[in-house]
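Residue-level structure breakdown
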Amino acid sequence: MRLSVLVLSICAACVSAAGTTIIRVRTVDGSVLRVPLPDDGSSSTISSILNTAGIDLNAADSDGKGSLKCQVGPPGRQTDVLDLSPNGKDRDTTAEELGLKHGSMITILPPPMPKKKEAQVTSNVEEDENNNRFDPFPDLAKSISFSAANRRARALSRGVSRGMTYGDISRVRSTMHTVEHQPTGALNRVYVCQVGAARFQNHCVVQSKKKKPKGNTTKKGQDLNTIENRVALLFGTINKERVDQSRKVARTSLSTSREDQKMCEVAKVHAIWEPHMQKPMINGKHYDEGCLLSTYIGDSQDTPAKETATDRAIRVAGWLGLQPVGWIFSYADEDRHEDGDALPVHGRDAVVGAKLQIETMKLKGRDEGRKFITLTLDGRIGAAEAFQLSDVCVQMVAENVLSPPIVDEKLQSTRFMTLKDPVVVSGEETKRLDSVLLLVNTAMLSHVGLYSGGTNAPIGGNVKKMSGALLGKTRKRILAALEKKDGSEVLSELCDFDVLLAIDALIGKEESEKLCLLVRKYARGQKKGTVINEQLKLTLRSVLGE
């Protein structure tokens, strides 16, 4: 008897529940309210349903956040948005017209974000998407940074209870750069001017002001000289030559042409130019890259600025048929050769080299400007090594993903860099990057540059180290060569880039260009018939005899 009564009560409850239509209302905070409709629920309007759920339709207008809006269906589904403002056309829409059934959901949409907050969230996105940014390698460029993409994804998923989806995480991860070893670069080898490199190393050695003690009080091997690290710009040419230079094949009339032999591109450094008035930091431990970057990086303003020393060096180099092909810096850090895995190029050096390469690509174009060399020289012994920067390194510097650390007394080594945004290395995300992954090993050979002054040039150079002006001895040699009838001797004295740059500051651009073109012919072997006319001789005598 009791069992029959229980079954009858359950059936009665099911009949009563089956006759009631329940509508779910999802609020902005994610909570779900259940609203039962009356028997004639098909004629109920959406405004009456929301009022039954306890939602004030006029609250949004009174707070100044705009009209209340909703949609039929769960969040994320693309359906029509209903306007529930006092003058909205959807406020009196019935449940039958909306197709509401038992279990249907009405989602209240969150109000739009204020313009001030929206501007703060999207400010970094607008900076990354700035059209003025130059991408040296567009195939590797990211339209948005990882930080901006992550903030945007979190903001969009803030009103959704499930959070970020796997698709959102995948899209955010796609904004990370993948850093891996690059086996080859744009150049196969580089020919470094041995005269210019020796002169650069000599300028790094600074004689100590302390007087050497008399007698045998000085310990054996003690050096009173100190090392001040310096930077310089490399001018040269880009040439093509055979990959295998050592292979010699006997040729006959039946031999094939040389065109079928594999060729490669090489850089030949003919002049090393050091910016004047360099001020190394921390007692010479860190070179002054600002003296080169501040004048080498182009100005975006339309008004032409005053010609800098770097601009003048590039102009004179162009008359000689040269172009910027790289840069060189010196170091004297013990930690760069403390173990077998020592690396002469650290993160700070890679950032400086990438900035110079980006400006060269702007100047010469992407294809020609990417042929850029980074030379390192030990200021103590003169040992040099050549590298190229990987494509992803240059692109990350352009996007400001890599930034140099602040130089201070506590800074010991910058080989491992701490990044602002993570990158993918060996399939893993990391913010700590080894700078060895940013380098491309490059073969280095030695030669004598055309505009180095030759092997007989003084080791310290023909100009003053700090100002770049001609030395008194150099003036006398050039004036003595001008008095001789044979004009080849004066042209031989002028086959020095520093000398030509110093003379360019004393004479006009027109006379300087004519002089550089004559020196260019003479340096390339056209010695017969290449002489300086009387007008140029008179100009040189007048400026050098002062």
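This structure is a prediction, so every number in the text was calculated from the model and none was measured.

Cut-offs used in this document
- Residues numbered from 1 in each chain as written.
- Predicted model: local features only at pLDDT ≥ 70, side-chain atom pairs only at ≥ 80, totals over all residues.
- Heavy atoms only, no water.
- Phe/Tyr/Trp six-rings, centres within 6.5 Å; stacked < 30°, edge-to-face > 60°.
- Helix = DSSP H or I, 4+ residues; strand = E, 2+ residues; numbered from the N terminus.
- Buried < 20%, exposed > 50% of the residue type's maximum accessible area, 1.4 Å probe, protein only.
- Pairing = 2+ DSSP bridges.
- Axes fitted to C-alpha atoms, helices over the stretch in contact; angles between N-to-C directions.
- Contact = heavy atoms within 4.5 Å.
- Core = buried A, V, L, I, M, F, W, Y, C linked by side-chain atoms within 4.5 Å.
- pLDDT = per-residue confidence, 0-100.
- Polar contact = N/O pair within 3.5 Å; in protein donor to acceptor, adjacent residues only side chain to side chain.
- Expected span 1.5 Å × (residues − 1).
- Arc of directions from axis to C-beta.

This part is about the packing of aromatic side chains. Summed over all chains, the structure comprises four aromatic pairs. The interplanar angle of 35 degrees and the centroid separation of 5.3 Å between the aromatic rings of Phe235 and Phe497 together place this pair among those described as tilted. With Phe235 in strand β9 (residues 231–242) and Phe497 in helix α16 (residues 497–504), this pair connects stretches of sequence that are 262 residues apart. Judged by its relative accessible area of 1%, Phe497 is buried. Centre to centre, the rings of Tyr287 and Trp327 are 6.0 Å apart; their planes meet at 70 degrees, and the pair counts as edge-to-face. Of the two residues, Tyr287 is situated in the loop between β10 (263–273) and α9 (290–296) and Trp327 in strand β11 (residues 323–331); the sequence distance between them amounts to 40 residues. We classify Tyr287 as buried; its relative accessible area is 2%.

Further remarks concern the pairing of β9. In terms of burial, β9 is largely enclosed, as nine of its 12 residues are buried. Note: β9 against β10, 10 bridges, orientation antiparallel. The residue bridging Gly236 from the neighbouring strand is Val269, located in β10.

As a further point, take the sheet that holds β11. Pairing is mixed in the open sheet, where eight strands are placed in the order β16-β13-β12-β11-β9-β10-β6-β17. Unpaired on one side and paired on the other, β16 (439–441) and β17 (443–447) mark the two borders of the sheet. Here the strands of the sheet are splayed against their neighbours by 35 degrees on average, with no regard to which way each runs. Bridge count between strand β12 (residues 373–378) and strand β13 (residues 384–389): four bridges; the pairing is antiparallel. Across the sheet, the residue bridging to Leu377 is Ala384, located in β13. Along the sheet, helix α8 (residues 194–204) makes contact with β6 (189–193), β9, β10, β11, β12 and β17, crossing β6 at roughly 65 degrees.

Bringing the nonpolar core into the picture now. Counting 76 residues, the largest nonpolar core has Phe235, Met396, Leu402, Leu494 and Phe497 as its most contacted members. With seven residues, the top contributor of residues to this core is helix α11 (residues 347–364). Those residues in contact with Leu402, other than ones at most four positions away along the chain, are Val351, Cys393, Met396, Val397, Met417, Leu419, Leu433 and Leu438.

Moving on, we come to the pairing of β11. Burial runs high along β11: nine of the nine residues are buried. Here β9 pairs with β11 via six bridges, running antiparallel. Of the residues in β11, the one forming a bridge with Leu233 is Trp327. Relative to β12, β11 is paired through six bridges, and the arrangement is parallel. In the strand pairing of β12, Trp327 is matched with Thr374.

Our focus in this paragraph is the confidence of the model for the protein. Averaged over all residues, the pLDDT of the protein equals 81, while 79% of them reach at least 70. Across the protein, the secondary-structure element scoring lowest on mean pLDDT is helix α1 (residues 2–18), at 44, and the one scoring highest is β6, at 95. For the stretch residues 1–17, pLDDT sits under 50, and the model shows zero contacts to residues farther than four places along the chain or on other chains. Ignoring residues within four places in sequence, the model shows residues 116–126, a span with pLDDT below 50, making six contacts including any to other chains.

This part takes up the environment of Thr107. Here Thr107 is to be found in strand β5 (residues 105–108). Looking at Thr107, the relative accessible area reads 2%, which means it is buried. With 79 residues separating them in the primary sequence, Thr107 and Val28 have C-alpha atoms 7.9 Å apart. Dropping the residues within four chain positions of it, Thr107 is found in contact with Arg26, Lys69, Cys70, Gln71, Gly73, Pro74 and Pro75. Of note is the side chain of Thr107, whose polar atom sits 2.5 Å from the backbone oxygen of Gly73.

Take the side chain of Gln71 next. Of note, Gln71 is situated in strand β3 (residues 69–72). Judged by its relative accessible area of 7%, Gln71 falls in the buried class. Only 3.3 Å separates the side chain of Gln71 from the backbone oxygen of Pro74, close enough to count as a polar contact.

Attention now goes to helix α14 (residues 472–483). Counted at 1.5 Å a residue, the expected span for α14 with its 12 residues is 16 Å, and the 17 Å between its end C-alpha atoms agrees. Every buried residue of α14 is listed here: Thr474, Ile478, Ala481 and Leu482. Along the long axis of α14, the arc covered by the buried residues comes to 105 degrees, so they all point the same way. Opposite its buried face, α14 presents the exposed residues Lys473, Lys476 and Glu483, each directed more than 90 degrees away.

At Asn400, a position not held by glycine, the phi torsion is positive, near 65 degrees. The topology assignment puts Asn400 in the loop between α13 (391–398) and β14 (416–425). For Asn400, a relative accessible area of 44% translates into the label partly exposed. The phi dihedral of Ser426 is positive, around 55 degrees, even though this residue is not glycine. Within the element layout of this structure, Ser426 appears in the loop between β14 and β15 (428–434). You can call Ser426 exposed: its relative accessible area is 71%.

So, on to the sheet that holds β3. By way of backbone hydrogen bonds, the strands of a sheet pair with one another, either parallel or antiparallel. Pairing is mixed in the open sheet, where five strands are placed in the order β2-β1-β5-β3-β4. Edge positions in the open sheet fall to β2 (32–37) and β4 (81–83), since each of these has one partner strand only. Across the sheet, the mean angle separating the axes of adjacent strands is 30 degrees when strand polarity is ignored. Two elements, strand β1 (residues 21–26) and β5, share three bridges in a ladder whose sense is parallel. Bridge assignment links Arg24 to a residue of β5, and that residue is Met105.

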